[in-house]
Amino acid sequence: MTPQFIIRKAERDDIPKVISINLKCLPENYPEFFFYYHLDNWGDAFFVAEVDGDVVGYIMNRVERGIGFLRKSLVKKGHVVSIAVLEEHRRKGIGEALMKSGMEAMKNVYDAKEVYLEVRVSNTPAIRLYEKLGFKIVKVLEGYYSDGENAYLMAREL
Ligand code: ACO
Ligand code: ZN
């Protein structure tokens, strides 16, 4: 079956919609400048998903230098800062496609050697998605979220 969505790089005009999806889908919200900052610095790894011309999902990434979680040496690490798909468009493969586009860009454009993210320990859909893509739990970050919930730090090689 041909996918009923397209993945494309985010543009400046997409950011208001990205912010509205973030607000609808996640308790982790950020000031406007934070989205533009990621677009300006790592725009080749910032993607949106479109269905019938409407943006229904996004992935915002960054690339950092530091000691790897998987290789214990100085590496470039891709960081999945935020991903969300509007509820009515879930389970169609959009989240997986956004993740794959983001990982490919972090590897090929920004030379990242691994990718990591934090996820609420209760967020089964997201954890399943990351596991499907080969991420492993590296550690538990106690009280990572503002409401006190723990995060899993998950990572995989690129
Ligand atoms: N239950 C179990 N497994 C799931 C579920 C679910 N509800 N949703 C996705 N998966 C897993 C499955 O393995 C699925 O493959 P399958 O459909 O072949 O079984 C795989 O993930 C891919 O699913 P997609 O359809 O590509 O995922 P979707 O487009 O629904 O997006 C996402 C997943 C982004 C996690 C979505 O549920 C969402 O927006 N949730 C709210 C926001 C959120 O929690 N974002 C992640 C926060 S952590 C962070 O941003 C770093
Ligand atoms: Zn993070």
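The structure under discussion appears in the preceding block.
Quick look at the structure, then. (Residues numbered from 1 in each chain as written. Chains lettered and ligands numbered in written order. Predicted model: local features only at pLDDT ≥ 70, side-chain atom pairs only at ≥ 80, totals over all residues. Heavy atoms only, no water.)

1. With respect to the sheet that holds strand E4 (residues 74-85)
No. 1: Spatially, seven strands are ordered E1-E2-E3-E4-E5-E7-E6 in an open sheet, and the strand pairing comes out mixed. In the strand order of this sheet, the two ends are held by strand E1 (6-9) and strand E6 (136-141), each with one partner. Put simply, the sheet's adjacent strands are angled 30° from each other on average, direction ignored.
No. 2: The pairing of E4 with strand E5 (residues 114-120) spans three bridges and is classified as parallel. Pairing of Lys77 across the sheet is with Glu114, part of E5.
No. 3: In the packing of helix H2 (residues 32-42) onto the sheet, the strands contacted are strand E3 (54-67) and E4, and the crossing angle to E3 comes to about 70°.
No. 4: Most of the contacts of helix H4 (residues 124-132) go to E5, to which it runs at about 160°, and overall it touches E4, E5 and strand E7 (151-157). (Pairing = 2+ DSSP bridges. Helix = DSSP H or I, 4+ residues; strand = E, 2+ residues; numbered from the N terminus. Axes fitted to C-alpha atoms, helices over the stretch in contact; angles between N-to-C directions. Contact = heavy atoms within 4.5 Å.)

2. Digging into the site of ligand 1
No. 1: The immediate surroundings of ligand 1 are formed by 23 residues, with Ile83, Val85, Gly95, Glu96 and Asn123 found nearest.
No. 2: Within the backbone of Gly95, one N or O atom sits 2.7 Å away from an oxygen atom of ligand 1.
No. 3: At 2.9 Å from an oxygen atom of ligand 1 is found a side-chain nitrogen or oxygen belonging to Lys132.
No. 4: When the free accessible area of ligand 1 is taken as 990 Å², the share hidden by the protein chains comes to 80%.
No. 5: If you tally residues by element for the shell around ligand 1, the top one is H4, at six residues.
No. 6: Broken down by class, the residue content of the shell around ligand 1 amounts to twelve nonpolar, four polar and seven charged. (Near = heavy atom within 4 Å. Polar contact = N/O pair within 3.5 Å; in protein donor to acceptor, adjacent residues only side chain to side chain. Areas by Shrake-Rupley, 256 points an atom, 1.4 Å probe, with all protein chains shown as cover. Nonpolar A, V, L, I, M, F, W, Y, C, P; charged D, E, K, R; others polar.)

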